[in-house]
Amino acid sequence: MNATLNAELKPDLNVGLVERAVEAGRLRHAALSREVRRAHGIVHTPAQVARWALAQVDACLRAQLGCALGLSDSRVALLDPALGTGTWLAAALERMSPLHPPSVGPQLFGFDIDGAAITAANELLGQSAQHAHATLSLHHANMLNLADPWGPSLRDRVRVIVGNPPWSARSQSRGLTLSDKWLAEFRSDGEGVSLGERRSGVLSDDYVRFFRWALEQARTSHAGTILCLATNSSYLDGPVHRGMREALVNAFDYIEILDLGGNALRGTDGTRDENVFGVRVGTCLTLAVRKADHQPDHQPDQKIAEPAARQARICYAKLTGTSASKLERLTHRAGDVLPAAQVFASRPFFRFIPALPGYDRKGSEQPTFSLAEAFPFHREGVQTNRDAFVTDSCPARLLARLRSFAEGKVALEAAPQLSDPASRAALLARLDAEPLALIRALAYRPLDDRFCFSLAPFCHRPRPDLARVVSRSTLCLLSARKDRGQGAWNLFGVTRTSADGCYLSTRSSCRTRVFPSHDPAGAPNVATRLGEELSTCVGNLVTGEQLIAYCVGMLAAESFRRDHDAELHLDYPRIPRPLEAQMFEAHRAAGDAWIRAWLDPLSHLDADSDSESAPEATERKVHTISYDPARAELRWGDHILESLAPELWHFRIGDFAPFKQLSRTAVSLHDVSTLRQRVSACRDAAVLAERAYQLTRPVR
């Protein structure tokens, strides 16, 4: 890997200083309530991560910013904006050598909103700072509210910003005038044009705010800046974060990413990948270098004017495996296990991870449209947060459960805030007044249709606007905004009802979105301009149902998904525009067949099948189904139930394989036979879709 990423660790002068800071953090963690820790996003840095990060910073100071003494150089002003108990500054002090003869050393700053943490850090680091001839200045303050913490005397210093910002999606700094003002830039592209994201709340995460604060400090420095932060890794490729990535590319000369993985919310290929920070989201270290300017780009609150020639070179490496193995690699030189890849971040996404195979194809491509562009009204699916309470396959059973709760006969232990007398009384009143008004059909999972009690707060996000639109629609297309899974893309489906947000995948980073055939006014949910273009091509008005069928016919083609797998993982699916009426009709017909197979299975049952001629067999329960791939047979113990081709056994809707799901439940032989014919019909429709795609496939 790059020499910077693999800098040798020098002998420590203050052996164990980082461990003492980590131990102070552990004691702090234990002393705070879980609510306080979550509200402030307190997650402590492992000693190995802090040491490795500061080793890279030291190497960059020497190699790229001309600071011959690295972290010990008197030209350095090092700041941790979320200090905690001082682990990062401790790692910096461990690498510093006392100056001989004694002279002025670096300036060390630390800021934190926890006064007790500041006191602990002062006691821990003070003596070591004196030994290194460094000036230590720690402050009890919210860094996001400070435009210029450096002061006039440090204008000519190289700024080094390091640390581990709070891990809080709901930032405690929302509403701070300065932070909110600066954060607005990440909602636009490099030319100031709004990205048009409806849900940009992820940009208000604390770590994003600290990135934006650090970016401002880099822009207002003319001596150079190094940024090294440990954060959530979602910004590396999240579609909503593309404005943030573009701003970083335009502001720095060099960016190193060490992806530490460990995302429990992302699909994997089955390998073990643990999180070194002990959180559920993926993590990464970002090191960015901005070289010296003759003049700063702008002063605080002035208009940003980035030099056109500054475009960061990006280097990416990733660690996978157990937490212990990752920390072990960071402890020692790891040039043989950290292969680097150069990343070419460019429009429209500016992704900070290497392009997926096939993504950077050159040459002309057939014009496409995004599902989000084609269907103006679309919403994320229902999110209940308590499926077992508010969903059921039987509406009468669901109502009985709700009434038992409202009458105080059963408790809801997972949500005690809903069990107070006032909440129970309000629920009972609604059940008495309109028992069925809030019971709605819900496509919960493939082959699992349920009813849902859609009253907030019992149902976390019932999506009432989606329910109203779906009631006026005849069909809904299902897909997702982004897929961070490792497998082939397969996130599409159809329903005639509202859908659960986890219909296609239970990963929270892959929520199901619903694209209805009609809009809130009951008109076709087709973008005006696209509708006109399609109607001109086809020769008649294209309805919402026809457009959904065309999209499904394209998505059902295995070659289309394989050709565009990389792009499909990045954002809403993009569908090729039909070049002629014949192309549209071929894919629409294939899509219609697939939709009928999935939504109307009874129409595909064979009237002469065994399940019809032997009704007594339909009552026989099958508790354990297994599949014999060598003989292509479904088995119940030693009994052969059905012959089943491998492609049917592996057939998936989103992340779910219907036969594998069925094998884990008690079913009848009739269920097995029905499912086989239903999936067979979908496969037959997919063959039609494949044939249509091959006839219209662009030459590559």
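Summarised in this report is the structure supplied together with it. (Residues numbered from 1 in each chain as written. Predicted model: local features only at pLDDT ≥ 70, side-chain atom pairs only at ≥ 80, totals over all residues. Heavy atoms only, no water.)

### Regarding the pairing of strand 1 (residues 76–80)
Now for step 1: Of all 5 residues making up strand 1, 5 are buried, and the element is well covered by its neighbours.
Now for step 2: Summarising the sheet, strand 1 and strand 2 (residues 107–112) pair through 4 bridges and their orientation is parallel. Note on strand 2: the bridge partner recorded for Asp-80 is Gly-110. (Buried < 20%, exposed > 50% of the residue type's maximum accessible area, 1.4 Å probe, protein only. Helix = DSSP H or I, 4+ residues; strand = E, 2+ residues; numbered from the N terminus. Pairing = 2+ DSSP bridges.)

### Description of the nonpolar core
Now for step 1: Counting 69 residues, the largest nonpolar core has Phe-375, Leu-477, Val-494, Leu-547 and Trp-594 as its most contacted members.
Now for step 2: Contact partners of Leu-547, with chain neighbours within four places excluded, come to Phe-369, Ala-374, Phe-375, Val-526, Leu-530, Leu-534 and Val-542.
Now for step 3: Of all hydrophobic cores here, the second largest spans 57 residues; its members include Val-43, Cys-60, Cys-67 and Val-76. (Core = buried A, V, L, I, M, F, W, Y, C linked by side-chain atoms within 4.5 Å. Contact = heavy atoms within 4.5 Å.)

### Some details on the packing of aromatic side chains
Now for step 1: Per the stated rule, a full pass over the model turns up 19 aromatic pairs.
Now for step 2: With centroids separated by 6.5 Å and ring planes inclined at 25 degrees, the aromatic side chains of Phe-109 and Phe-111 adopt a geometry described as stacked.
Now for step 3: Overall, Phe-111 belongs to the buried group, its relative accessible area being 4%.
Now for step 4: Taking the centre distance of 6.5 Å and the plane angle of 15 degrees together, the rings of Trp-489 and Phe-492 count as stacked. Taken individually, Trp-489 and Phe-492 each receive the classification buried, so the pair is uniform in this respect.
Now for step 5: A network of ring pairs unites the aromatic residues Tyr-207, Phe-211, Tyr-235 and Phe-352 as a single cluster.
Now for step 6: The ring of Phe-405 carries the charged tip of Arg-424 above its face, separated from the ring centre by 4.3 Å. (Phe/Tyr/Trp six-rings, centres within 6.5 Å; stacked < 30°, edge-to-face > 60°. Lys NZ or Arg CZ within 6 Å of the ring centre and 35° of its normal.)

### Considerations on the pattern of salt bridges
Side chains bearing opposite charge may pair, as long as their charged atoms lie close to each other.
Now for step 1: As enumerated under the stated definition, the model contains 38 salt bridges in all.
Now for step 2: Glu-434 is the partner of Arg-430 in a salt bridge, and the nearest nitrogen-oxygen pair spans 2.9 Å.
Now for step 3: Taking the relative accessible area as the measure of exposure, Arg-430 reaches 31% and is therefore partly exposed.
Now for step 4: For Glu-434, a relative accessible area of 31% gives the class partly exposed.
Now for step 5: Two residues, Arg-445 and Asp-500, come together in a salt bridge whose shortest N-O distance is 3.2 Å. Of this pair, Arg-445 sits in strand 13 (residues 439–445) while Asp-500 sits in the loop between strand 17 (498–499) and strand 18 (512–516), placing them 55 residues apart in sequence. (Salt bridge = Lys/Arg side-chain N within 4 Å of Asp/Glu carboxyl O.)

### Overview of the packing of helix 16 (residues 544–555) against helix 19 (residues 581–599)
Now for step 1: Direction vectors running N to C along helix 16 and helix 19 enclose 85 degrees, while the axes themselves pass 6 Å from each other. It follows that helix 16 is roughly perpendicular to helix 19 by the angle criterion. The segment helix 16 lies against helix 19, with Gln-546, Ile-548, Ala-549, Tyr-550, Val-552, Gly-553 and Met-554 engaging Met-583, Phe-584, His-587, Arg-588, Ala-590, Gly-591, Asp-592, Trp-594 and Ile-595.
Now for step 2: Looking at side-chain class alone, the contact of helix 16 with helix 19 contains 10 nonpolar, 4 polar and 2 charged residues. (Axes fitted to C-alpha atoms, helices over the stretch in contact; angles between N-to-C directions. Parallel < 35°, antiparallel > 145°, perpendicular 65-115°, else oblique. Nonpolar A, V, L, I, M, F, W, Y, C, P; charged D, E, K, R; others polar.)

### Let's talk about the sheet that holds strand 17
Now for step 1: With mixed pairing, 4 strands are arranged side by side in an open sheet as 12-14-13-17. Sheet topology places strand 12 (391–392) and strand 17 at the edges, where each strand pairs with a single neighbour.

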